[in-house]
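Architecture at a glance
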Amino acid sequence: MHFRDSKRKVDYVLAYHYRKRLARQLPGVSSPEPMRRSASLALVSNGGTGKGCAEPQQQDGGHHALQEWSGPPEPEVMELGPLDTLEEEKRLQREEYERNLVEAGLEIEKDPENKSQGLSFVRIHAPWQVLSREAELLKIKMPTKKMYEITEEGGILKKLNEIWCKLTEPLQPQVPQQENTNMKSLSYPFSREKIYLYNIKDKDTFFDNGTRSRIVREILKRTSTKAQNSMGINTLIANNVYDAAYPLHDGEYEGQNDDMNDRKLLYREWARYGVFYKFQPIDLIRKYFGEKIGLYFAWLGLYTEFLIPSSVVGIIVFLYGCVTIESDIPSKEMCDQRNAFTMCPLCDKFCDYWNLSSACATARASHLFDNPATVFFSIFMALWATMFLEQWKRLQMRLSYFWDLTGLEEEEEHPRPEYETKLLQKKLKNKSITTENSNENEKEKLTWSDRMPGYAANFGLILFMIMLTFSAVFGVIVYRITTAAALSFSTNETTRSNVRVTVTATAVIINLVVILILDEIYGAVAKWLTEIEVPKTEKTFEERLILKAFLLKFVNSYAPIFYVAFFKGRFVGRPGHYVYVFDGYRMEECAPGGCLMELCVQLSIIMLGKQLIQNNLFEIGIPKLKKLFRKLKDERTEPKEMDNSQSKDPQQWDLDYILEPFTGLTPEYMEMIIQFGFVTLFVASFPLAPLFALLNNVIEVRLDAKKFVTELRRPDTVREKDIGIWYNILSGIGKLSVIINAFVIAVTSDFIPRLMYQYAYSQNGTMHGFINHTLSYFNVSHLKPGTQPENSLFAQDVLFCRFKDYREPPWSQNQYEFSKQYWAVLSARLAFVILFQNLVMFLSVLVDWMIPDIPKDISEQIKKEKSLLVDFFLKEEHEKLKLIESFITRDKQKHKSGAKSKRIRAASFSQFNRSQKGSFASFSSQHTEV
């Protein structure tokens, strides 16, 4: 994946579709416009060009300037069609943008456009000068020469950790590890002035591929063109000037060649279902995809691991219900045919009286989930959610330390193209209104008044969508009521006896289908609503989109479950005074064993259906269909022309272009957050929810991994130190689960009535007589005319029928009014909710307080790193100062030695002169004496 010179790396790729102009010459027209060069520009940084293409001139620093071919001397007058004009504008914008990229220091290589229309690529390379400059601007932390030892916790924890490592060795992925894991490089934001601090062995490999593509992406974002609304690559893609911009994968993920790359390694050790039992190579994921995606998979891995103990406890609770079902006295009493509880008809006129013992199977099944162990399990799951969030904060801090994210500053984000367009429209509008004396230097921005229509539309549509969800739930309720009434008219005895099972099963399936359809609609609506708000940055856009999508999908997923848990059977009325809908249909009531069993069925089918269909089939099928559609579209739009310049084997940029573009982590997080709600919110009614979530997540991890490695274009690496707003949503669900489970236990289950009966009303302190205690009497003569059963099959005349409620008997003065037991049980329910909520909240706060957010060893390492960094700087500066002083001293010594030699030469010369004078004098004196 290099340029044609096989030396320079391809750090980024721009893809676009071109269409050469189909124009005709106008005879006899001398107008010079519009004119165009007869050949298109193809910038090729290694000197190769297509026929009739411009050649780049190599300049200093390895950059390339554009040299336009002037074409033939005589202009050719053409008539442009609307499509030709649009294509011409796009071509000019592309040429200007690429020229600006070259001026920014990047080197580009462009394919010649040999066809009349087709797909072309612009390959971008960032030289060392650009990488070092941008790394300094972005404050990217890079390893220095200094290595230091990581101090590990000693004692029993160290021994336990060593034992754990040995036991889990077969589960570790076979990926290259650091030679000495106890040593860590000291990192510091890159600085060209302090380049001597860094361990630069090779400038081509000092910045890894992820960092290189991130730097190029930043340049692409801020490089603009003179065209309106073109403030970077995002705007150009939005305006269809370019089709896509993406970094390249490291190569093929499978093949016969022995060249190993990170992508192939990830596929072999992570992105296959055959390695589901192995741990995830989180460090390699972070290196290849960036910190943001690395944190997602680290969070998903920890969540899946935490589901193991909750699944074990859930299975134990379920088995406890299975073991104690034979000793459950209320179930025995309900199944005992000797008790002969004659129940009031379930519908008017066509339904007969019935024996309570006929609901024996429902009562026994309800005990599996409605037993004292579920209360313990609810408390356990509330503490489990708190411990999970605390452990995630600790793991997040540990990863931040090892990934050099501590002290990470939020980077200044570029405005979104839609925001810039809206702002430009506002500026143009204001220019036409304001006078010439207005202050033009004032920086304009979108205000509340500009966004008010968007906010109003958001409020209205979200309210409408929530009402639509409630309408769908009400529609299913109407279906249940009418279907139950219709089946009751059947002459088939089997059909009449299975009315409740048939209605419940079909209604849950309808609920599931409606939820799946509305989920897809709400996702698109949430995105559109966020777009009309015109958020300024991508981060703000993502947060607002998450909140809207979560609100709509939360209501959509849980509204049917909330109805069954808290509303079904509460507004039925009583025999002789039932509540009717649509003038003749009675409101539905719970089964004799209570609504908890139906809640369990509803929860399990919706949860399993969403996981199986939406999370797995949709994730596998939809990307493949989109890929196939894109491939067919490209084959249909591109003419079949011979192109000898293209190699037979497709290049990596061709293969990556076919892949699905990465659209963010919001869908991945959303499905897991909704699942987290199923696991925690109504776990009192379905203890096996963590087990099904665990089985799903074992597949989900590998499914997401395979999607990222094989089916998506390589995402841009994004540095994030946390999972953002998702943590707040998880924390909110954890707190809400305490309240909901308290009400499920107190209101939906029979836990409180059983407790009250055993300790307040039972004569011998046992559960004998509980069923009779919960059933009230009704005089059948008080039934409204026309509602009595026709052709009753009961052998004897029925004087009194029973119904489940706490009401005064017909022989009482206040007949059919709520009894004292009703108010006592209601008070106990409310007291339990308050007690349960405060107890669990207190335990959660206690767990939160006991577990520190930052591990002790990590906090010590961070302090140690700071002190080592200061010492390292002082030492390097001291050595630098000593080196400078040595140069100065050497220079002074040279200066002194030079001055001393000058003095010696001067002294010797003067001595020579004196000796010459002395010898001459002696010679003359001698001559005189002679």
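Now for a look at the structure at hand. Once a new chain begins, its residue numbering starts again from 1 and follows that chain's sequence as written. pLDDT decides what is reported in this predicted model: residues at 70 or higher carry local features, side-chain atom pairs at 80 or more are listed and counted, and totals for whole chains, interfaces and linings draw on all residues regardless. Heavy atoms from the whole structure form the basis of all side-chain values; hydrogens and water molecules are not counted.

Some remarks on the overall build of the chain
Comment: elements are numbered from the N terminus, with helices defined as DSSP H or I runs of at least four residues and strands as E runs of at least two. Scanning the chain for helices and strands turns up 26 helices and 18 strands. To sort residues, take the accessible area from a 1.4 Å probe on protein chains only and compare it with the maximum for the residue type: under 20% means buried, over 50% means exposed, and anything in between is partly exposed. Scored against the burial criterion, the 930 residues of the chain give a buried share of 46%. The contact criterion used is simple: two residues touch if any of their non-hydrogen atoms lie within 4.5 Å. Considering only intrachain contacts with a sequence separation of at least 6, the fraction spanning at least 24 residues in the chain is 80%. All accessibility values rest on the Shrake-Rupley procedure with a 1.4 Å probe; residue burial counts only the protein chains present in the view. Roughly 49400 Å² of accessible area belongs to the chain as shown, and the carbon and sulfur atoms make up 58% of that amount.

Some remarks on the state of the cysteines
Put simply, a disulfide is two cysteine sulfurs that come within 2.5 Å. Throughout the structure, instances matching the rule amount to four disulfides. Here C335 pairs with C360 through a disulfide, and the sulfurs are 1.9 Å apart. Negative torsions about the S-S bond denote left-handed disulfides, and the value of about 95° found for C335 with C360 makes this one right-handed. Taken together, the positions of C335 in helix α10 (residues 329-335) and C360 in helix α11 (residues 360-367) put the pair 25 residues apart, joining distant regions of the chain. Between the sulfur atoms of C347 and its disulfide mate C351 the distance is 1.7 Å. Measuring the twist about the S-S bond at about 95°, one finds the C347-C351 disulfide to be right-handed. Accessibility expressed as a relative area gives 13% for C347, which makes it buried. Of note for the chain: the bonded cysteines, numbered N- to C-terminal, pair according to 1-5, 2-8, 3-4, 6-7.

Observations regarding the environment of L755
With respect to the secondary-structure elements, L755 resides in helix α23 (residues 751-761). Remark: the alpha-carbon pair of L755 and M767, spanning 12 residues in sequence, is separated by 9.0 Å.

As for the packing of aromatic side chains
Aromatic rings considered in pairs are described by the distance between their centres and by the relative angle of their planes. Centre distance within 6.5 Å is the pairing criterion for rings of Phe, Tyr and Trp, where only the six-membered ring of Trp is used; planes under 30 degrees apart are then read as stacked, over 60 as edge-to-face, and the remainder as tilted. In the structure shown here, the tally under the stated rule is 55 aromatic pairs. Plain terms: the ring middles of F566 and F682 are 6.4 Å apart, the flat faces sit at 40° to each other, and that makes the pair tilted. With F566 in helix α17 (residues 538-566) and F682 in the loop between α20 (666-680) and α21 (689-711), the pair connects residues that are 116 residues apart, well separated along the chain. F566 gets classed as buried once you look at its relative accessible area, which sits at 17%. Look at F682 and you get buried, because its relative accessible area is 0%. Comment: the charge-over-ring label is applied if NZ (Lys) or CZ (Arg) is within 6 Å of the ring centre and within 35 degrees of the ring normal. Over the face of the ring belonging to W653 we find R123, whose NZ or CZ atom lies 4.5 Å from the ring centre. The ring of Y578 is capped by R586, whose NZ or CZ atom sits 3.5 Å from the centre of that ring.

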